[in-house]
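# Chains, contacts and geometry: an overview
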Amino acid sequence: TVYKLTAGGLFLWEELCILENLPQQFQGIVVLQMEPAFLSFERERLKGGITRHSRLALYCPAFDEEMQLAGVTPPQWTGNYFIDHYKFFVARLPALLKNLLTGPVPWSDHNAEQWRPPTKLQWERAVKNLGQWQRSYHAYRTANFGVYTRLLQRLRSSGKIQVALVEILINPRARSLIFASSDTNSDTKSLYEEYQTDIKRFAQEMNVP
């Protein structure tokens, strides 16, 4: 049995929060996403949208601990579920009202099949976004590997969970455009190879496939 706990644009901290809420009796394999953007995540961004506009109506002590380690004061909880997560529900009021009229949104595992082919401008924006991780990789990779390490340790602590890492898929055309359009083509390739070496070393050190 496979449980899909993914959503578009989740940060590593949010994935940590979701996994912290697994049932205590859960026994199986957790497959974690690994990608350059996660290892390049800048701590300053924790002071912005992630903490002010919660996208998860969940209590996550591990999330709060990671915020403190990053030098960010976590939110103060009242213990009242709806008060603590009111921003989550307020942001979804328009969808709630719409669904009352049109019915619930049908679930689909393959939403991308309905997307239109990207325009040239959309391709250019995508390539630019995919390459942004390069500017902060060296500055933040050690700290972000630390987040992964503590997450793995938490998951394994019950003795019931195994962990595997999966690298995010990148459209081959996007990958080729990143390298071809870069003014520092050799630097881009070199940094990506360094990232590959880093994650393989990390997987070996943590004994995860």
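### Focus on the overall build of the chain
Counting its secondary structure elements, the chain contains 11 helices and 2 strands. From first element to last, N terminus to C terminus, the chain shows the α and β order α-β-α-α-α-α-α-α-α-α-β-α-α. In terms of overall dimensions, the chain has a C-alpha envelope of 55 × 45 × 40 Å along the principal axes. Taken across its 209 residues, the chain has 33% of its residues classed as buried. Relative to all contacts within the chain whose residues are 6 or more apart in sequence, the contacts with residues 24 or more apart total 82%. Accessible surface for the chain amounts to roughly 14,200 Å². Of this, 56% is attributable to carbon and sulfur atoms. Charged side chains in the chain number 24 positive and 20 negative. The centres of these two groups are separated by 5 Å.

### Quick notes on the packing of aromatic side chains
In the structure shown here, the tally under the stated rule is 14 aromatic pairs. Here the aromatic rings of Trp-133 and Tyr-137 are separated by 5.5 Å at their centres, their planes lie at 85°, and the arrangement is edge-to-face. Ring geometry for Tyr-192 versus Tyr-195: centroids 5.6 Å apart, planes at 45°, classification tilted. Of this pair, Tyr-192 and Tyr-195 are both found in helix H11 (residues 185–206), 3 residues apart, which corresponds to roughly one turn of the helix. Tyr-192 gets classed as buried once you look at its relative accessible area, which sits at 15%. Residue Tyr-195 is classed as buried on the basis of its relative accessible area, which comes to 0%. An aromatic cluster of at least three residues, connected via ring pairs, comprises Tyr-59, Trp-77, Tyr-81, Phe-82, Phe-88 and Phe-89.

### As for the side chain of Glu-35
The topology assignment puts Glu-35 in the loop between strand S1 (28–34) and helix H2 (36–39). At 2.4 Å, the side chain of Glu-35 and the side chain of Gln-33 are in polar contact.

### With respect to the state of the cysteines
By definition, a disulfide links the sulfur atoms of two cysteines through a covalent bond. All told, the structure shown has 1 disulfide when counted by the stated rule. Residue Cys-17 pairs covalently with Cys-60 via a disulfide, S to S 1.5 Å. Here Cys-17, found in helix H1 (residues 12–20), pairs with Cys-60, found in the loop between helix H3 (49–52) and helix H4 (61–69); they are 43 residues apart in sequence, far enough to count as distant. The same class applies to Cys-17 and to Cys-60, which are both buried.

### A look at the environment of Met-34
Note on placement: Met-34 falls in strand S1. Relative accessible area serves as the criterion here: at 2%, Met-34 is assigned to the buried category. C-alpha of Met-34 to C-alpha of Asn-144: the two residues are 110 residues apart in sequence and 11 Å apart in space. Beyond its immediate stretch of four places on either side in the chain, Met-34 contacts Leu-39, Phe-145, Tyr-148, Leu-165, Val-166, Glu-167, Ile-168, Tyr-195, Ile-199 and Phe-202.

### Remarks on the packing of H1 against helix H9 (residues 137–156)
Where H1 meets H9, the axes come as close as 11 Å, and the angle between the chain directions of the two elements is 5°. In this view, H1 runs roughly parallel relative to H9, as classed from their interaxial angle. Of H9, the residues touching H1 (which contributes Leu-12, Trp-13, Leu-16 and Leu-19) are Asn-144, Val-147, Tyr-148, Leu-151, Arg-154 and Leu-155. Here the contact of H1 with H9 is built from residues that sort into 8 nonpolar, 1 polar and 1 charged.

Rules used throughout
Residues numbered from 1 in each chain as written. Predicted model: local features only at pLDDT ≥ 70, side-chain atom pairs only at ≥ 80, totals over all residues. Heavy atoms only, no water. Helix = DSSP H or I, 4+ residues; strand = E, 2+ residues; numbered from the N terminus. Buried < 20%, exposed > 50% of the residue type's maximum accessible area, 1.4 Å probe, protein only. Contact = heavy atoms within 4.5 Å. Areas by Shrake-Rupley, 256 points an atom, 1.4 Å probe, with all protein chains shown as cover. Lys, Arg positive; Asp, Glu negative; His and termini not counted. Charge placed at Lys NZ, Arg CZ, Asp CG, Glu CD. Phe/Tyr/Trp six-rings, centres within 6.5 Å; stacked < 30°, edge-to-face > 60°. Polar contact = N/O pair within 3.5 Å; in protein donor to acceptor, adjacent residues only side chain to side chain. Disulfide = S-S within 2.5 Å. Axes fitted to C-alpha atoms, helices over the stretch in contact; angles between N-to-C directions. Parallel < 35°, antiparallel > 145°, perpendicular 65-115°, else oblique. Nonpolar A, V, L, I, M, F, W, Y, C, P; charged D, E, K, R; others polar.

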